[in-house]
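Residues per chain are reported as follows:
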Amino acid sequence: MASGLALAVYGLLLVPGVVLVWRKPVLALYAWVVGLAAHNAVMAALYGAGVRGGALTAIQAWKEILLAVALARVAVEVLRARRLPFDVHVTDVLAVAFALLVCLYAVIPQDWLGGSADREAVGLALKHDLVPVAAYFLGRSLIVSAAELVRLVWTLIGAAAIVAALGLVDVFFIPISWWRDSAVVDYFHKHLGYDYQGTGGLPENFIYNTGSEDHFLRRLVSVFLGPLASAYMFVVALLLGAALWRRMRLLAALCALVVVVALLFTFSRSSLLALAAGFVVLAFVARRWWPVAVAVATLAVSAAWVHVFPHIAPQGEWTQQDLVQQRNIAKQKPGASGSAGSINEPSIRSHWISLREGVRTVVHHPQGYGLGNAG
């Protein structure tokens, strides 16, 4: 019953969206800015309402459907005009080469490369790798005016500010027990198939583990249901807002302030580094000195925030089951540190190990293991 009703409402919303995107493909960008921000929260809510299996998977595909419609409209216009809407550059050739390589890897037998993925895993990996290429060429094909670009940036900044505000309300006023009892846990575990070991079965990065058995620190997750995704949106919004700051107004500055505060409470150190790097790139492209100063200030704030965050972040308490699990994990990973600046901090160490193993794979097995395989 719930699945049928959800599909009916989905159809009523999707059909007009498809028509609008066909008429004006740039509208797909607005749909993604707003829709992707709410995607995880809405899908988890639908799962909690009883929408399961293929019905929920079909609803999740809205973004790929809009992408396909927008690309189809662009293809029709290319056939009519008999020319591409952009001049071909090296990056375009590399994108096509990558897509062809991905398709080749999809048909190469797994045992040739030492892989073991089944057809479903290969299909998911194929979609995962080709969707960014398709989105890239859609972006290359759309002719966006300066006024349209400003509206897009305003949409992104506004959406980021709403995500930030909701995240700050959540992290300071909604107890972690609400999340443990929500449909988010089952959505991640049973529908998406992730085996998270965080508190109450939540993703591990929902919180920051200081190593104390008394408490942990909350991280801002917001409607993305994850600190990293939220932080990435905040970084993009801040960089685009800075690039067009002369066209922005006081309202945008206030939104940016909320976004900056929220970004800090995601406690995503990699995102803060990416923000600083983005300002350096902006300085190079715009040939201005002030983004360099902002980049330096971002690095200084990041370094200080590592020490400040543990003292002001909202806290949560472990359950007895959490403590048993954490003790078992501690036995498996001796020497782990709860200090955010230590190389032995679990998050930093896991990223470092992943990087090291990735380099080792590239050196010793450069052909990879085929689509659908880790490494």
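Look a little higher up for the structure.
An account of the accompanying structure is given in this report. (Residues numbered from 1 in each chain as written. Predicted model: local features only at pLDDT ≥ 70, side-chain atom pairs only at ≥ 80, totals over all residues. Heavy atoms only, no water.)

## Describing a nonpolar patch on the surface
Move 1: Taken together, the side chains of Trp352, Leu355, Val359 and Val363 define a hydrophobic patch exposed on the protein surface, amounting to about 410 Å² of accessible area.
Move 2: Here valine 359 is to be found in helix α16 (residues 346–364).
Move 3: The exposure class assigned to valine 359 is partly exposed, which follows from its relative accessible area of 47%. (Patch = residues over 30% accessible without salt bridge, like charges linked within 9 Å, V, L, I, M, F, W, Y side chains within 5 Å. Areas by Shrake-Rupley, 256 points an atom, 1.4 Å probe, with all protein chains shown as cover. Salt bridge = Lys/Arg side-chain N within 4 Å of Asp/Glu carboxyl O. Helix = DSSP H or I, 4+ residues; strand = E, 2+ residues; numbered from the N terminus. Buried < 20%, exposed > 50% of the residue type's maximum accessible area, 1.4 Å probe, protein only.)

## Topic: the sheet that holds strand β3 (residues 315–316)
Move 1: Across the sheet, three strands lie side by side as β1-β2-β3; this open sheet has antiparallel pairing. Across the chains shown, the open sheet's two edge strands, defined by having one partner strand only, are β1 (207–208) and β3.
Move 2: Where strand β2 (residues 216–218) and β3 come together, two bridges link them in antiparallel fashion. Looking at β3, one finds that leucine 217 is bridged to glutamine 315. (Pairing = 2+ DSSP bridges.)

## A closer look at helix α14 (residues 290–312)
Move 1: The principal kink in α14, of about 45°, is found at valine 306, preceding the proline proline 310 by one to four residues.
Move 2: Turning to α14, its buried residues number three or more, namely Pro291, Ala295, Thr298, Ser302, Trp305, Val306 and Phe309. (Bend = angle between axes of the 7 residues up to and from the residue.)

## Concerning the packing of helix α2 (residues 27–48) against helix α8 (residues 146–173)
Move 1: With their axes 10 Å apart at the nearest point, α2 and α8 run at an angle of 5° to one another. Relative to α8, α2 is oriented roughly parallel. Two secondary-structure elements touch here, α2 through Leu29, Tyr30, Val33, Val34 and Ala37 and α8 through Glu148, Arg151, Leu152, Thr155, Leu156, Ala159 and Val163.
Move 2: A per-class count over the contact of α2 with α8 returns nine nonpolar, one polar and two charged. (Axes fitted to C-alpha atoms, helices over the stretch in contact; angles between N-to-C directions. Parallel < 35°, antiparallel > 145°, perpendicular 65-115°, else oblique. Contact = heavy atoms within 4.5 Å. Nonpolar A, V, L, I, M, F, W, Y, C, P; charged D, E, K, R; others polar.)

## So, unusual backbone geometry
Move 1: Backbone geometry places phenylalanine 267, a non-glycine residue, at a positive phi of 50°.
Move 2: Turning to its location among the elements, phenylalanine 267 is positioned in the loop between α12 (250–266) and α13 (269–286).
Move 3: The buried category is assigned to phenylalanine 267, whose relative accessible area is 2%.
Move 4: Not every positive phi belongs to a glycine, and arginine 287 is a case in point at roughly 55°.
Move 5: With respect to the helices, strands and loops of the structure, arginine 287 is situated in the loop between α13 and α14.
Move 6: Classification of arginine 287 by relative accessible area gives exposed; the value is 71%.

## Considering the pattern of salt bridges
Move 1: Under the defined criterion, the tally for this structure stands at twelve salt bridges.
Move 2: One salt bridge connects arginine 151 with glutamate 148, and the closest N-O pair in it is separated by 3.3 Å. Here glutamate 148 and arginine 151 lie together in helix α8, a separation of three residues that amounts to about one turn.
Move 3: Arginine 151 sits in the partly exposed class, given a relative accessible area of 43%.
Move 4: With its nearest N and O atoms 3.4 Å apart, the salt bridge here joins aspartate 170 to arginine 218. Of the two residues, aspartate 170 sits in helix α8 while arginine 218 sits in strand β2, which places them 48 residues apart along the sequence.
Move 5: Take aspartate 170: its relative accessible area is 4%, and that puts it in the buried class.
Move 6: Judged by relative accessible area, which is 4%, arginine 218 ranks as buried.

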